[in-house]
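Listed below are the residues making up each chain.
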Amino acid sequence: MDDRAAVLGLESSCDETAAAILRADGSILAEAVLSQQAEHAPYGGVVPEIAARAHLDHLPRLIEEVMREAGLDYAGLAGVAATSGPGLIGGLIVGATLGKGIALAHGLPFVAVNHLEAHALTATLPGITPEPVRFPYLLLLLSGGHCQCVEVAGIGRYRRLGTTLDDAVGEAFDKAAKLLGLPWPGGPALERLAAGGDPARIPLPRPLLGRPGCDFSWSGLKTAVAHALARLPGVATERDRADIAAAFQAAVAAVLADRARNALALMPAATALVAAGGVAANAAVRAALAGAAEARGLPLVAPPIRLCTDNAVMVAWAGLQRLRLGLVDELGHAPRPRWPLDGMAA
Ligand code: KG4
Ligand code: ZN
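Residues numbered from 1 in each chain as written. Chains lettered and ligands numbered in written order. Predicted model: local features only at pLDDT ≥ 70, side-chain atom pairs only at ≥ 80, totals over all residues. Heavy atoms only, no water.

### What to know about the overall build of the protein
Broken down by element type, the protein carries eleven helices and ten strands. Against the compact-globule benchmark of 20 Å for 346 residues, the protein has a radius of gyration of 20 Å, which places it among compact chains. Projecting the C-alpha coordinates of the protein onto the three principal axes gives extents of approximately 70 × 45 × 30 Å. When burial is assessed residue by residue, the protein has 54% of its 346 residues classed as buried. Taking the intrachain contacts of the protein between residues at least 6 apart in sequence as the baseline, contacts between residues at least 24 apart amount to 72%. (Helix = DSSP H or I, 4+ residues; strand = E, 2+ residues; numbered from the N terminus. Rg over C-alpha atoms; globule rule 2.2 N^0.38 Å. Buried < 20%, exposed > 50% of the residue type's maximum accessible area, 1.4 Å probe, protein only. Contact = heavy atoms within 4.5 Å.)

### Focus: the domain arrangement of the protein
Per the domain assignment, the segments making up the protein are domain 1 (6-122 + 307-324) and domain 2 (135-302). Between domain 1 and domain 2, the C-alpha centre-to-centre distance is 28 Å. On the side of domain 2, 17 residues touch domain 1, which itself brings 17 residues to the contact. Summing both partners gives a buried area of about 1,300 Å² for domain 1 against domain 2, and 73% of it is carried by carbon and sulfur. Taken as a group, L116, A120 and C308 account for 37% of the area that domain 1 buries against domain 2, more than any other trio of residues on that side. Counting the contacts that link domain 1 with domain 2 gives zero salt bridges. Taken together, domain 1 and domain 2 are joined by four residue pairs in polar contact (both at pLDDT 80 or more). (Domains from an automatic or database assignment. Buried area = accessible area lost by both parts, 1.4 Å probe. Salt bridge = Lys/Arg side-chain N within 4 Å of Asp/Glu carboxyl O. Polar contact = N/O pair within 3.5 Å; in protein donor to acceptor, adjacent residues only side chain to side chain.)

### Some words on the environment of A200
With respect to the helices, strands and loops of the structure, A200 is situated in the loop between α6 (186-194) and α7 (219-231). C-alpha of A200 to C-alpha of A250: the two residues are 50 residues apart in sequence and 9.2 Å apart in space.

### Looking at the side chain of H333
Along the polypeptide, H333 turns up in the segment after α11 (313-324). Judged by relative accessible area, which is 19%, H333 ranks as buried. Apart from residues no more than four positions distant in its own chain, H333 is found in contact with S84, K100, A112 and W339.

### Side note on the packing of helix α5 (residues 169-179) against α6
Taken N-terminus to C-terminus, the directions of α5 and α6 make an angle of 60°; their axes are 8 Å apart at the nearest point. One finds that α5 runs oblique with respect to α6. Note that α5 runs across α6; the crossing there is left-handed. Residue-level contacts link F173, D174, A176 and A177 of α5 to G186, G187 and L190 of α6. In the contact of α5 with α6, the residues fall into four nonpolar, two polar and one charged. (Axes fitted to C-alpha atoms, helices over the stretch in contact; angles between N-to-C directions. Parallel < 35°, antiparallel > 145°, perpendicular 65-115°, else oblique. Left-handed = near helix turned anticlockwise from the far one by under 90°. Nonpolar A, V, L, I, M, F, W, Y, C, P; charged D, E, K, R; others polar.)

### Brief notes about the nonpolar core
For soluble globular proteins, the rule of thumb is that nonpolar side chains tend to be buried together. If you look at the biggest cluster of nonpolar residues, it comprises 55 residues, and the most contacted ones within it are W218 and F248. For this core, the elements supplying multiple residues, two or more each, are β6 (137-142), β7 (147-154), α5, α6, α7, α8 (238-265), β9 (273-276) and α9 (283-295). Sort the elements by how many residues they give to this core and α8 lands first, with 14 residues. In this view, W218 contacts C147, T164, D166, D167, A168, V169, A172, V252, V255 and L256; residues no more than four positions away in its chain are not counted. Counting residues in hydrophobic clusters, the runner-up holds 40 residues, among them V133, L139, Y158 and M314. (Core = buried A, V, L, I, M, F, W, Y, C linked by side-chain atoms within 4.5 Å.)

### Considerations on the state of the cysteines
Simply put, disulfide is the name for a covalent bond between the sulfur atoms of two cysteines. In the structure shown here, the tally under the stated rule is zero disulfides. Note on C14: no disulfide assigned, nearest cysteine sulfur contributed by C147 at a separation of 15 Å. Residue class for C14 comes out partly exposed when judged on its relative accessible area of 27%. Free cysteine: C149, not disulfide-bonded; nearest cysteine sulfur from C214 at 5.2 Å. (Disulfide = S-S within 2.5 Å.)

### Focus on the sheet that holds strand β3 (residues 28-35)
Taken together, the five strands give an open sheet; going across it, the order is β3-β2-β1-β4-β5, and neighbouring strands pair in mixed fashion. Edge positions in the sheet fall to β3 and β5 (110-114), since each has one partner strand and no second. For this sheet, the mean angle separating the axes of adjacent strands, direction not counted, is 20°. Looking at chain direction, strand β4 (residues 79-85) and β5 are connected through five bridges and run parallel. Residue pairing in the sheet places T83 in a bridge with V113 of β5. Packing against the sheet, helix α2 (residues 48-70) makes contact with β1 (6-11), β2 (16-23) and β3, and its axis sits at approximately 25° to β2. (Pairing = 2+ DSSP bridges.)

Quick look at the structure:
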């Protein structure tokens with residue numbers, strides 16, 4: 001594929017509406033992301049119907065914006081890539097259908113992108129690291145919807161080494177934050193509260209730490225936060241809340257590092273530990289993961305926050321990799337709310 005070939009990427013699987021145009025050499029011609037946080041905040045979480053309608057309201061305009069900014073017309077594109085799962089079905093239908101419509105109208109190839117594959121391949125985008133990240137690497141996907149250890153051996157070659165037995169790690173942050181009286185999404189607010197706290201005064205359990213395997217379990221930790229608050233002699237003071245937040249964050253960071261160590265032990269040829277998803281923005285989590293990677297003599301690669309959280313640059317990039325291999329999808333491809341990475345063919 002010509003380095004200058006450009007692909008339009010669309011993302012609408014959760015609560016970010018996004019469009020981006022990338023060249024095959026990885027240069028970003030245009031990108032736009034619209035967060036729906038304000039629309040969902042009153043409900044304390046993502047409401048699927050509100051999300052689908054918001055994608056429908058905003059995605060066509062975002063597409064026009066990035067096309068204008070890139071200075072391209074549709075006929076000048078080499079293809080269209082849209083997230084087609086896993087995620088909320090309403091949003092997936094909006095993005096995939098728009099993408100197929102553009103592909104059909106302009107005779108372009110369409111790529112149905114797996115959202116998890118897009119997160120997994122972000123680390124290989126030129127410019128993320130001074131030297132390109134090489135396969136195989138360990139991916140820790142830490143978001144509001146996912147919590148997985150994945151061996152990334154190549155495009156389309158993934159092996160899930162561990163996953164959560166209950167909540168996703170971002171969900172655990174959000175639930176703990178809610179118990180601490182913080183607004184949704186709670187991760188960033190909990191991190192700020194924890195900054196002034198003592199993680200040792202009110203210790204919390206560290207689920208599965210020291211146990212074999214690479215799975216996660218967060219619901220007990222959330223319950224422990226509720227119990228810690230209930231056991232306080234009176235109403236929680238600012239200091240109590242900060243100490244519990246700090247203990248929660250320390251517990252999560254320690255468990256993530258422990259699971260990462262176990263996963264790396266299964267990957268003797270790993271070249272790096274890559275962290276993606278909103279929780280990878282957390283400084284305590286990053287520090288703990290950096291420690292786990294360093295113990296193996298490996299770097300921790302964490303893409304910049306805007307590429308770690310949901311975005312369309314990663315969708316266009318994954319689409320480009322697939323197009324390069326001639327992996328095009330039919331316009332009849334149905335979006336898949338559940339679409340595991342394991343067994344994805346390349
Ligand atoms: O990847 P992401 O932006 O979206 C999806 O889940 O699709 O992840 C959002 C999650 C939320 O649960 C949010 O609370 C959490 O990431 N998060 C954080 C931080 N920033 C975002 N958790 C802990 N510390 C942070 N600084
Ligand atoms: Zn995501």
